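Chain and residue survey
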Amino acid sequence: MGVFSGPLQSLIDELGRLPGIGPKSAQRITFHLLKVAPEDALRLAQSIIAVKERITLCTRCFNVAEGGLCAICLDDRRDITSVCVVEDPRDIVAVEKTGEFAGRYHVLQGALNPIEGIGPDQLRVRELLARLGEEGIAEVILCTNPNLEGEATAMYLARLLKPMGLVVTRIASGLPVGGDLEYADELTLGRALEGRRVIEA
Amino acid sequence: MTLFRDQGVVLRTIRLGEADRIVTLMTEQNGKVRAVAKGVRRTGSKFGSRLEPFSHVALLGWQGRGDLDIVNQAEVIDTFRPVREDLDRMASAMSMLEVVDQVGQERHANPRLYSMLVGALSALAERDSVMVTPAFFLKVLALEGTEPVLDACASCGEEDIEKLVAFDLVEGGVLCRNCRRGRSLSGEGLALLKRILGGGLAGVLAEPRSPTTDEVGALATEAMEVHLDRRLRSVRAGPVS
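Residues numbered from 1 in each chain as written. Chains lettered and ligands numbered in written order. Predicted model: local features only at pLDDT ≥ 70, side-chain atom pairs only at ≥ 80, totals over all residues. Heavy atoms only, no water.

1. What about the domain arrangement of chain A?
Counted only if it meets this: Residue ranges for the domains trace back to a domain assignment, done automatically or taken from a database.
Taken domain by domain, chain A holds domain 1 (6-54) and domain 2 (76-198). Between the C-alpha centres of domain 1 of chain A and domain 2 of chain A there is a distance of 36 Å.

Below, the structure is given as C-alpha cells:
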C-alpha cells in the first residue's frame, strides 16, 4: 500500500510495527537512516542482531542475561537470603537505582490479570517456589506494581508463600517525595497514614 | 465536543503509550465510556490510584469527536478497599466488571446496570459473601430481559415444584422431569434462585457458603456465559484457581 517499493518500504513497514511508532514516524526514521553514514546505520543493525542472538533470560531469576546467569546472580557479594520479586526486568533497574537492596531478584515476567486471562501458570511462579527450596532464602520481598494486577499478584504469592515459614514482605505505598498532600489520592494517602512510623529525633 | 460531568466505576484499564492508560468506565448517564487518562502511570500523577479498576469516581471528562474521551479530573466516591485487599473478593468483583464490560453499550445510558454494579461492589466491600456475584449475574440477566422462569417448567408449564429438576437458560429456566435438559437443579438451589430474583436478596447475601450456594454460583456463571455467548475469563482464570 506504500508509495515506495522494495527495501525502503519494507523498512518503513518494519519500523511501523514498533511500539509507539506510527506510519509517519516510521517514514521519518527510515529517511533519516537513508541519510546517515553507512557505519552508523550498520551499527544499529549489528546491535539488533547482537541483542537477539546473545541476550537470553537468566536461568535462575529470569532477568535478562548474556547466556546462563545474569550479572546480579553472578555477583558473589550479593545477599542470597533475600529475594525481591518483580514483574519485569525494567523494575530491577528501578530498584537497583535506589541502592537500598543488595539481595537477588526474581522476575515473574508479568502480573496476574484474570480479565486478560493471565493466571499463575503464565508467570514464573513455579520457578520461584523451586528456588525457595534450593537457595536458603529467608525473606521474599513482593515488589510488584501497586496497581490492581500487581496487588493481586502480591496477595496470591503471599498466600502461597506464607505457609512455607518465610518472611514475606510487601513494599510500602506512600507519597512520592516532592509531592503535594493536597493532590494525593485517597488510597495512597490512606496507606501512607497506615504505614506511618515513629520519627527518630 | 463538550465537557461532561458524570459518575462511574472503572471496569478495566489498558496501557497506552509511555505513561497513559485507556480507562473503560460504566457511567451513570453516558453508559460505557472509554477515556484516555494522560500520565496515570507516572508516580507523580494527579490521578494516582483513582482510575484503577473498581474505583467509583466522579469525573470531569472531555468528549471529543472520536470514540475516546479524555479524563480531566477524577474524584473518588468509593475505592471499595476491602474488595481490593482480599484475593477472593477481588476475583469475584473482577468477574462482575467483566460482565458489565460485556453487557454495557458504549454511550448508551443504562443507569440500572450502573447502580446495580455500585450496589454489588458495596455489598462485597461490606461482607465477604459468596452470593454477591451469582446474585449480580442473575439480576443482570433479568435486566437484560432473559430472566429465567422459576415457577413452572419453561417447556411444558408443569407447576409441581417436586417435579422441577433441571435448569437450562437456552430453554428459558427450570425444567421438569419429562423435559429435562441442561444441568440438574436441587430443590434447595431452586429455592435460593427464587429468593434472589424474588426480593429476598438481603437474606441471600447472608447465606454462608454451602453446596447450595456453590450450585447456584456455578449455575449463574453458566447462565451468564450462555447469555454472553462467551466464556468469562476472570472466572475461568481466577487467581485462586
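2. Here's the deal with the confidence of the model for chain B
Residues and elements named next belong to chain B. To be explicit about the condition: Here pLDDT means the predictor's own confidence in every residue, given as a number from 0 to 100. Helix and strand assignments come from DSSP, with helices taken as H or I runs of at least 4 residues and strands as E runs of at least 2, each series counted from the N terminus.
Mean pLDDT over chain B: 87, with 98% of residues reaching 70 or higher. Mean pLDDT across the elements of chain B bottoms out in helix α8 (residues 233-236) (74) and peaks in helix α3 (residues 111-126) (93). Scoring of the predicted complex yields 0.82 for pTM and 0.76 for ipTM.

3. Section: the interface of chain B and chain A
Where we set the bar: We call two residues contacting when some pair of their heavy atoms lies within 4.5 Å. Simply put, the buried area is the total loss of 1.4 Å probe accessible area from both parts when two parts are fitted together. Salt bridges are defined as contacts in which a side-chain nitrogen from Lys or Arg sits within 4 Å of a carboxyl oxygen from Asp or Glu. In protein, a polar contact means a hydrogen-donor-capable atom and an acceptor-capable atom, both N or O and within 3.5 Å, with residues adjacent in sequence counting only if both atoms are side-chain atoms; elsewhere, any N or O pair within 3.5 Å suffices. Three categories are distinguished: nonpolar for Ala, Val, Leu, Ile, Met, Phe, Trp, Tyr, Cys and Pro, charged for Asp, Glu, Lys and Arg, and polar for the others, with Gly belonging to the last.
Between chain B and chain A, the residue contacts involve 28 residues of the former and 24 residues of the latter. When chain B packs against chain A, close to 2400 Å² is buried across both sides, 59% of that on carbon and sulfur atoms. At the surface where chain B touches chain A, the tally comes to four salt bridges. Where chain B touches chain A, the interface holds six residue pairs in polar contact (both at pLDDT 80 or more). For the side of chain B that touches chain A, the secondary-structure elements that each account for two or more residues are β1 (2-16), α1 (81-84), α2 (87-103) and α8 of chain B. Classifying every residue of the side of chain B that touches chain A gives eleven nonpolar, five polar and twelve charged.

4. Topic: the packing of aromatic side chains
Here the distance between the centres and the angle between the planes together describe a pair of aromatic rings. All names here are of chain A. Using the following cut-off: Two rings from Phe, Tyr or Trp (for Trp, the six-membered ring) form a pair when their centres are within 6.5 Å of each other. A pair whose planes differ by under 30 degrees is stacked, one over 60 is edge-to-face, and the rest are tilted. Per-residue accessibility, obtained with a 1.4 Å probe over protein chains only, is compared with the maximum for each type, and a residue is labelled buried under 20%, exposed over 50%, and partly exposed between these values.
What the rule picks out here adds up to two aromatic pairs over all chains. Summarising the aromatic geometry, the rings of F101 and Y105 are spaced 5.2 Å apart at their centres and angled 65° between planes, so their arrangement reads as edge-to-face. The pair F101 / Y105 is uniform in exposure class, with both members buried.

5. Remarks on helix α5 (residues 89-98) of chain A
Residue pairs three or four apart in sequence face the same way in an α-helix, which turns once every 3.6 residues. Residue and element names in this part refer to chain A. Cut-off, in case you're wondering: It is the directions from the helix axis to the C-beta atoms whose arc is reported.
Every buried residue of α5 is accounted for by P89, D91, I92 and V95. Down the axis of α5, the buried set is contained in an arc of 140°. They therefore lie on one face. Seen from the buried face of α5, the exposed residues on the opposite side, beyond 90 degrees, are R90 and K97. In this structure D88 caps α5, since a side-chain oxygen of it lies 2.9 Å from the backbone nitrogen of R90. With its phi angle positive at about 70°, G99 sits one or two positions after the end of α5.

6. Concerning the pattern of salt bridges
Opposite charge on two side chains makes pairing possible when the charged atoms of those side chains draw close. Summed over all chains, the structure comprises 30 salt bridges over all chains. One salt bridge connects D88 of chain A with R90 of chain A, and the closest N-O pair in it is separated by 3.0 Å. Among the residues examined, R90 of chain A registers a relative accessible area of 62% and is labelled exposed. Of the charged contacts in the structure, one is a salt bridge between R195 of chain B and E207 of chain B, with a shortest N-O distance of 3.2 Å. In this pair, R195 of chain B is assigned in helix α5 (residues 187-197) and E207 of chain B in the loop between α6 (201-205) and α7 (211-228), connecting sequence segments twelve residues apart. According to the relative accessible area criterion, R195 of chain B is partly exposed, its value standing at 33%. Using a relative accessible area of 26% as the deciding quantity, one classes E207 of chain B as partly exposed. The structure contains a network of salt bridges with shared partners spanning E151, R170, R191 and E194 of chain A together with R81 and E85 of chain B.

7. Regarding the sheet that holds strand β2 (residues 20-27) of chain B
Residues and elements named next belong to chain B. Let me state the cut-off plainly: Pairing between strands requires that DSSP locate at least two bridges from one strand to the other. Orientation is described by axes fitted as lines to C-alpha atoms, over the contacting stretch for helices, and by angles from 0 to 180 degrees between their N-to-C directions.
With mixed pairing, five strands are arranged side by side around a closed barrel as β1-β2-β3-β5-β4. For this sheet the average axis-to-axis angle between neighbouring strands, irrespective of direction, equals 50°. Where α2 meets the sheet, its contacts fall on β1, β2 and β3 (32-37), and the angle it forms with β1 comes to roughly 120°.

8. Thoughts on the pairing of strand β6 (residues 164-168) of chain B
All names here are of chain B. Of all five residues in β6, five are buried; the element is thus mostly enclosed. Summarising the sheet, β6 and strand β7 (residues 173-176) pair through four bridges and their orientation is antiparallel. Bridge assignment links F167 to a residue of β7, and that residue is V174. Linking β6 back to β7 in an antiparallel pair, the connection comprises four residues, with G172 at a positive phi of about 110°. Where β6 and strand β8 (residues 183-184) come together, two bridges link them in antiparallel fashion. Bridge pairing links F167 to R183 in β8.

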